[in-house]
Amino acid sequence: MLPLVAGVDSSTQSCKLVIRDADSGALVRQGRASHPDGTEVDPAAWWAALGEAVSAAGGLADVVAVSVAGQQHGMVCLDETGEVVRPALLWNDTRSAGAAAELIAEAGDGDTGRRYWADAVGVVPVASITITKLRWLARNEPRNAARVAAVCLPHDWLTWRLGGAPGLAALGTDRSDASGTGYWASTTGRYRGDLLEQAFGRMVTVPRVLGPVEPAGRLDPAALMGPPDAAPALLGPGGGDNAAAAFGVGAGPGDVVVSIGTSGTVSGVAEQPTADPTGIVAGFADVTGRYLPLVCTLNAARVLDAVAALLGVGLAELADLALSVPPGADGLVMVPYLVGERTPNRPDATGAVHGLTPRTATPAHLARSAVEGMLCALADGLDALAGQGVAVRRVILVGGGARSAAVRRVAPQVFGVPVVTPPPGEYVADGAARQAAWVASGRADPPVWTAATTRTWEADPVPAIRARYAQAREHVVDRGT
Ligand SMILES: Nc1ncnc2c1ncn2[C@@H]1O[C@H](COP(=O)(O)OP(=O)(O)O)[C@@H](O)[C@H]1O
Ligand SMILES: O=C(CO)[C@@H](O)[C@H](O)COP(=O)(O)O
């Protein structure tokens, strides 16, 4: 029998699992299950969804290794017995925006504070970053805070559960996810316990940071439907979802991966760490021992979901409508800050539509403005990444939103570089599966899997789209209380 490996993507909206041939990477089976909505979620729901996805994929009895990738930054607090203290605050929960501002101010006024954090841990705190959530918990829920014995991230917790939850000392994570906490420095490969203590008031247990091919343990047959007689599969270190996607699509020099999921992300693999004091580019690590400078927006695929719902159409029809009007939507511009924004740091902002005239007041213009506005926010991220020295020769487009025909056609007009789409698939889960195969192989280099046939989308850049967006994005109002 061929050796099989499993990769998991426990993302914001769902859990996806792929089982692939360890040597060729051929897809053998897959499964998925939904996650609940909301920006705070009981991790038990992720565990239940993983169980459902595993069942749908026919179980894990025949796999030799499993790796879990997941949404970054979510704060999973555990008490001394390993029980979850409160629902996890997710990366897109903005309640800790004030805590982020406090932490920056404590490090120095304005630019000094931001520079301090960028140099210390590669990121300037915003509400998404785990350390700000710890500060929020300490200030707002002292009883829960007092119970916290350990803090970890979604992928760490799921991997630990797959290993049978063998005590807090067994918690593990990897460089890519550790680099999104705000208390681990990718430059030194060490925790900054002093920063965690400053934010939370005391030190707690944090997961051991595993190397790129260092096993996190073995699958506990009792944990999840593995038959007790099967040789227990190895557990890979896993990773943050964006780092897993970059590994899954095999991004190389000059490739920038743009993911359009719940979040919009723009990232590229780099040989050296970055430290951007503006906070726009997060200096994350990747899953191979290198780095993954990344820009993240809070408003991506769900902008299209919201506008499709508003217009009472499906996503395919929304794409048709968007493509039925010219680039620039005759001047209609959407600033897509529906849930507040992280890049730029406007946690309380709302969305806006500018340029309404009798001509542009049509469903098609609104559809086009949603696609263009969402992509313009990502194009700003592309510029910021280039500003950090990342080469941008082409964009590899992934995530649920990459399935939209309108997104594919408009993206090269807005980004100004060719856009490549692999066939629709689960590239985060694939990256996790490739890591699992690497861990199982015991080799120095990752397996080279057969590359999927890609399609390239090219179009003349339309700079006017971004110019008008740049004018519009300054004009939004904050949420009312
Ligand atoms: N054809 C499509 N057009 C536009 N959006 C799509 C399409 N198919 C899926 N999506 C969107 O993709 C999103 C889910 O993408 P995914 O990358 O799985 O998100 P996440 O990783 O954040 O859970 C949903 O908001 C869904 O509506
Ligand atoms: O916060 C970030 C990256 O910094 C997000 O990219 C999350 O990692 C969630 O990803 P999706 O579930 O939207 O793919």
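Now for a description of the structure that goes with this document. These numbers come from a predicted model, not from an experiment.

Here we come to the site of ligand 1. In the vicinity of ligand 1, 15 residues are found, and the nearest of them are Ser11, Gln13, Lys16, Thr262 and Asp305. Within the side chain of Ser11, one N or O atom sits 2.6 Å away from an oxygen atom of ligand 1. Here Lys16 contributes a side-chain N or O atom positioned 2.6 Å from an oxygen atom of ligand 1. Considered on its own, ligand 1 offers 580 Å² of accessible surface; in the complex 79% of this is hidden by protein. Looking at the shell around ligand 1, the elements that each hand over two or more residues are β2 (14-21) and α10 (301-311).

Moving on, we come to helix α8 (residues 193-200). Burial in α8 covers these residues: Leu195, Leu196, Ala199 and Phe200. Within α8, the buried residues cover an arc of 115 degrees as seen down the axis, which keeps them to one side. Those residues of α8 that are buried are in contact with α2 (97-106), α3 (110-121), α4 (130-140) and α5 (142-147). Once α8 ends, the next one or two residues include Gly201, with phi positive near 100 degrees.

The next subject is the layout of surface pockets. In this structure, the largest pocket spans a volume of roughly 860 Å³. Lining the largest pocket are 43 residues, with Lys16, Gly261, Thr262, Gly399 and Gly400 positioned closest to its centre. Looking at the lining of the largest pocket, the elements that each hand over two or more residues are β2, α9 (241-248), β19 (291-297), α10, α11 (315-323), α13 (405-415) and α14 (427-441). The greatest single-element share of the lining of the largest pocket, amounting to five residues, is contributed by α11. Of the residues contributing to the lining of the largest pocket, the split by class is 16 nonpolar, 18 polar and nine charged. Taken as a whole, the second largest pocket spans an internal volume of roughly 590 Å³. Along its surface, the second largest pocket is lined by 29 residues, and Gly248, Tyr427, Thr450, Ala451 and Ala452 are the ones closest to its centre. Every element with two or more residues in the lining of the second largest pocket is listed here: β2, β3 (27-34), α9, β22 (394-398) and α14.

Reading the values: the criteria
- Residues numbered from 1 in each chain as written.
- Chains lettered and ligands numbered in written order.
- Predicted model: local features only at pLDDT ≥ 70, side-chain atom pairs only at ≥ 80, totals over all residues.
- Heavy atoms only, no water.
- Near = heavy atom within 4 Å.
- Polar contact = N/O pair within 3.5 Å; in protein donor to acceptor, adjacent residues only side chain to side chain.
- Areas by Shrake-Rupley, 256 points an atom, 1.4 Å probe, with all protein chains shown as cover.
- Helix = DSSP H or I, 4+ residues; strand = E, 2+ residues; numbered from the N terminus.
- Buried < 20%, exposed > 50% of the residue type's maximum accessible area, 1.4 Å probe, protein only.
- Arc of directions from axis to C-beta.
- Contact = heavy atoms within 4.5 Å.
- 1 Å grid on protein atoms, 1.4 Å probe; cavity = no way out; pocket = protein on both sides within 12 Å on 5 of 7 lines; lining within 4 Å.
- Points joined across faces, edges and corners; volume = space filled by probe spheres on them.
- Nonpolar A, V, L, I, M, F, W, Y, C, P; charged D, E, K, R; others polar.

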